[in-house]
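Here is what each chain is made of, one letter per residue.
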Amino acid sequence: MFSIGLIFCALIDLVFSYTHLKQSCINTDCSATRVSIFNPPINLWDSIVIGELNSFLTDLNEQNSTKVVVFASDNPEFFGSAIDLNLFTPAASSYVNATHVLEQYYANLDLLLSTPVIFIAEVNGRTFGAGDEHVVRMDMRFAGPQAQFGAPEAAVGLIHVGGMQQLVRLIGPGSAAEYMMSAAQVDSVEAARIGWVNSAFENTTGMRNHVDRLASRIALFQSDTLKATKASIAEQAASQQIFSRDLQRFNSLAATPFVQDKIRQILTASNNQSELWELNNNDNIVKYLY
Ligand SMILES: *[C@@H]1O[C@H](CO)[C@@H](O)[C@H](O)[C@H]1NC(C)=O
Ligand SMILES: *[C@@H]1O[C@H](CO)[C@@H](O)[C@H](O)[C@H]1NC(C)=O
Ligand SMILES: *[C@@H]1O[C@H](CO)[C@@H](O)[C@H](O)[C@H]1NC(C)=O
Ligand SMILES: *[C@@H]1O[C@H](CO)[C@@H](O)[C@H](O)[C@H]1NC(C)=O
């Protein structure tokens, strides 16, 4: 039985043909699986990560064998960074269709809520901006000692478009206002205290053991039950109309000269999103631009 599982896992590894996502099985039939975001050095949420996530999440809707997906990172400093700011500059048009990439980006956020698979975020390292928008739309979140959560958007002149509504539900309007309006960086202990994550672990081994046990246990149960439970919880999520209004708020701000200027300043000051800058992205924007 065990060796059949291993052969099955090996086959899945062969067909998992992404460059920026790495896959490994958690249980023997691989109905619980771990997908690590791999875009060194900072796991920048760029057009390749966005495109690969889009194919992966879309494919998950066409199958019944995967029940639980744990999103993780092998980089101890970063789970996921902010979205590649170059996508919002005129120069992007020379190498990418930014409109298409952003459409995929928002589709991915929708897919995390609507796909009938249970998503668990296993977060060690920073997850600011885009990374956080994805994490708060997963079904549950766990944090390691290096984890930091937050959104730089207020300091860029924007709103945390895909994360606001979920965050308000997770931590309440008062805390959401405090952390979003100040572009705060929130550590794992604080995040667990207020409900941004389910719990925080003092080391990554403890977190991984817990997540593996949890994912394997959930995967014992029948798909239809898991799907119905996820659908029921999703009844409390913000509607598509609310998301559309947040998108309008984001887009009208993003089009202003103020925001365009801030994006240019950040790309210059950060030396094009360097690792050193991104380690304290939100605090650095506040420190160097205000
Ligand atoms: C997955 O299960 C559903 C419901 O049981 C079924 O309608 C669908 O055809 C299955 N999809 C695949 C790809 O097996
Ligand atoms: C860019 O993507 C958008 C949205 O998918 C599409 O409508 C448009 O035709 C694309 N532009 C080019 C130049 O391919
Ligand atoms: C890791 O944390 C667990 C509790 O979550 C603890 O039992 C264990 O001793 C810790 N391991 C190390 C190496 O610190
Ligand atoms: C900035 O970094 C991005 C992402 O790594 C890269 O695609 C782009 O070519 C860089 N731009 C410049 C001007 O170095």
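Every chain begins its residue count from 1, and numbering advances along the sequence as written. Whichever chain is written first becomes A and whichever ligand is written first becomes 1, with later ones labelled in order. Residue-level local features of this predicted model are given only where pLDDT is at least 70; pairs of side-chain atoms are given and counted only at 80 or more, and the full residue set underlies all totals for whole chains, interfaces and linings. The side-chain values count all of the structure's non-hydrogen atoms but skip hydrogen atoms and water molecules.

Q: Any chance you could explain the pattern of salt bridges here in plain terms?
A: Side chains that differ in charge, positive against negative, can pair when their charged atoms come close. Any carboxyl oxygen of Asp or Glu within 4 Å of a side-chain nitrogen of Lys or Arg constitutes a salt bridge here. Counted by the stated rule, this structure contains 8 salt bridges. Here Lys230 makes a salt bridge to Asp139, at a shortest N to O gap of 3.0 Å. With Lys230 in helix H10 (residues 223-234) and Asp139 in the loop between helix H4 (130-135) and strand S7 (140-143), the pair connects residues that are 91 residues apart, well separated along the chain. Here the term buried applies to any residue with accessible area under 20% of the maximum for its type, exposed to any over 50%, and partly exposed to those in between, with areas from a 1.4 Å probe on protein chains only. Accessibility expressed as a relative area gives 29% for Asp139, which makes it partly exposed. Through salt bridges with shared partners, a single ionic network connects Arg34, Glu122, Arg208 and Asp212. For helices the rule is a DSSP run of H or I covering at least 4 residues; for strands it is a run of E covering at least 2, with both sets numbered from the N terminus onward.

Q: Can you walk me through the pairing of strand S2 (residues 32-37) in this structure?
A: On a regular strand, each side chain points to the face opposite its neighbour's, so the side chains alternate between the two faces of the sheet. In terms of burial, S2 is largely enclosed, as 6 of its 6 residues are buried. Two strands are counted as paired when DSSP detects at least two bridges linking them. Pairing between strand S1 (residues 21-25) and S2: 5 bridges, direction antiparallel. Along S2, the bridge assignment pairs Ser24 with Arg34. Adjacent in sequence and paired antiparallel, S1 and S2 are bridged by 6 residues, among which Cys30 carries a positive phi angle near 65°. Of the strand pairs in this sheet, S2 and strand S3 (residues 68-73) are connected by 6 bridges, and their pairing is parallel. Bridge assignment links Ser36 to a residue of S3, and that residue is Ala72. Orient the strands so they point away from the viewer; a crossover is then right-handed if the path from the first strand over the helix to the second runs clockwise. Note that the unit made of S2, helix H2 (residues 47-60) and S3 has a crossover that is right-handed.

Q: Help me understand the state of the cysteines in this model?
A: The disulfide criterion used throughout: a pair of cysteine sulfur atoms within 2.5 Å. Across all of its chains, the model carries 1 disulfide by this definition. Here Cys25 is linked by a disulfide to Cys30, with a sulfur-sulfur distance of 2.3 Å. Torsion about the S-S bond of the Cys25 and Cys30 cystine: about -90°, corresponding to left-handed handedness. Relative accessible area serves as the criterion here: at 23%, Cys25 is assigned to the partly exposed category.

Q: Explain the side chain of Gln185 here, please?
A: Along the polypeptide, Gln185 turns up in strand S9 (residues 185-187). Residues adjacent in sequence count toward polar contacts only when both atoms are side-chain atoms; beyond that, a polar contact is any pair of N or O atoms within 3.5 Å, and within protein one must be able to donate a hydrogen and the other to accept it. Polar contacts involving the side chain of Gln185 include one to the side chain of Gln148, which spans 2.8 Å. Looking at Gln185, its side chain comes within polar contact range of the main-chain nitrogen of Asn282, at 3.2 Å. Contacts: residue pairs with any heavy atoms within 4.5 Å of one another. Those residues in contact with Gln185 that lie beyond four places of it in its chain are Phe128, Gln148, Phe149, Leu279, Asn280, Asn281, Asn282 and Asp283.

Q: When you look at the site of ligand 4 in this model, what are you seeing that I'm missing?
A: Neighbouring residues of ligand 4: Leu44, Asn86 and Asn272. Note that an oxygen atom of ligand 4 is positioned 2.4 Å from one of the side-chain N or O atoms of Asn272. Each residue is tested against the molecule or strand, and it is near if at least one of its non-hydrogen atoms lies within 4 Å.

Q: Explain the sheet that holds strand S4 (residues 78-80) to me, please; I cannot follow it from the model alone.
A: The strand order across the open sheet built from 4 strands is S4-S6-S8-S9, with neighbouring strands paired in mixed fashion. Every interior strand has two partners, whereas the edge strands, S4 and S9, have only one. The average angle at which neighbouring strand axes cross in this sheet is 25°, direction not considered. Pairing of strand S6 (residues 126-128) with strand S8 (residues 148-150) involves 3 bridges; the strand directions are parallel. Bridging across to S8, Thr127 finds its partner in Phe149. Between N-to-C directions, angles cover 0 to 180 degrees, with each direction set by a line fitted to C-alpha atoms, over the stretch in contact for helices.

So far we have only geometry, and geometry alone does not tell us how the molecule works.
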